[in-house]
Amino acid sequence: MEAIEAIMTRRSVRKFEDRQIPDEVLEEIIRAGTYAPSALALQPWAFVVLQDQAFLNKVSDYCIPILLLHMKGAHDGLSDLFRSLLESKDYSIYYNAPTVIMIAGKTTNRFREIDCSLCAGNMMLAAHALGLGSCWVGSTDVAFDNEELMAGFSIPEGYSPVGTISFGYPAETPETGEKLAPKVAWVR
Ligand SMILES: Cc1cc2nc3c(=O)[nH]c(=O)nc-3n(C[C@H](O)[C@H](O)[C@H](O)COP(=O)(O)O)c2cc1C
């Protein structure tokens, strides 16, 4: 798949087939992540591959009521749709994906969030090019200050959580959402 085609056709996938991704494919996705640019080429990322569904469900169950509280009164963007998802029975913030990858950044690196987000972007595009679906799950963020749950993420010493991404074989083909016209200023 050409780069531009991959960029234009990737969508967040929220329904996955009930089969695991081979380890070699996950390793390739992570390797693609590590080819992202990073400030001073410090590559301040670390990855945790999570396939323990009981643990992921526990994190999800913890996050849902907090997210609902945070979203009280919000109606912008996809807020209403997201709220109805959060309220639906058996909802998992990870969409029951077979694999979730936590990307953590070196705590002392001041560009860790930028670098890890670029890495995550590469990973989602690589997954798409390999026929997989993915969705960045920012919902996990509300658990970042829960020490007990964070211990379960097994983030290496000296690294802090940046984001979680669900991966799996897509069981849906989402439509492209509305893309706002970019605000562009030219100075020349
Ligand atoms: C930082 C970030 C956090 C996100 N968190 C969630 C989330 O918690 N749950 C979810 O379903 N989608 C989440 N998304 C996916 C966005 O909803 C999605 O990217 C957006 O609707 C645009 O759709 P597209 O990815 O198909 O282009 C997140 C995306 C980003 C970049």
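Here the structure is shown first, and the text comes after it.
Residues numbered from 1 in each chain as written. Predicted model: local features only at pLDDT ≥ 70, side-chain atom pairs only at ≥ 80, totals over all residues.

**Brief notes about helix α5 (residues 112-129)**
An α-helix turns once every 3.6 residues. As a result, residues three or four positions apart point the same way. The condition is simple: Helix and strand definitions here come from DSSP, where helices need a minimum of 4 consecutive H or I residues and strands a minimum of 2 consecutive E residues; each element is numbered from the N-terminal end. Given a helix with a known number of residues, its expected span is that number minus one, times 1.5 Å. Throughout, a pair of residues is in contact if the C-beta atoms placed from their backbones lie within 7 Å.
With 18 residues, α5 should reach 26 Å at 1.5 Å per residue; the first-to-last C-alpha distance of 26 Å fits that figure. Where α5 is buried, its residues contact α1 (3-9), α2 (23-33), β1 (45-50), β2 (99-106), β3 (133-137) and β4 (159-168). At the exit of α5 stands Gly 131, carrying a positive phi of roughly 85 degrees.

**As for the site of the ligand**
Selection criterion: A residue counts as near a molecule or strand when its C-beta atom, positioned from the backbone, falls within 6 Å of it. Ten residues, namely Ala, Val, Leu, Ile, Met, Phe, Trp, Tyr, Cys and Pro, are considered nonpolar, four, namely Asp, Glu, Lys and Arg, are considered charged, and the remaining ones, Gly among them, are considered polar.
The full set of residues close to the ligand is Arg 11, Ser 12, Arg 14, Leu 78, Cys 135, Trp 136, Val 137, Gly 138, Ser 139, Pro 174 and Gly 177. Across the shell around the ligand, the residue classes break down as five nonpolar, four polar and two charged.

**Considering the sheet that holds β2**
Rule in force here: Here, any two strands with at least 2 DSSP bridges between them count as paired. For helices, the fitted axis covers only the stretch in contact; all axes are lines through C-alpha atoms, and the angles between them, taken along N-to-C directions, range from 0 to 180 degrees.
Read from one edge of the open sheet, four strands run β1-β2-β4-β3, paired in antiparallel fashion. For this open sheet the edge positions go to β1 and β3, each flanked by a neighbour on one side alone. Mean inter-strand twist for the sheet, computed between neighbouring axes without regard to direction, equals 25 degrees. Note that β1 and β2 share six bridges and pair antiparallel. Looking at β2, one finds that Leu 50 is bridged to Val 100.

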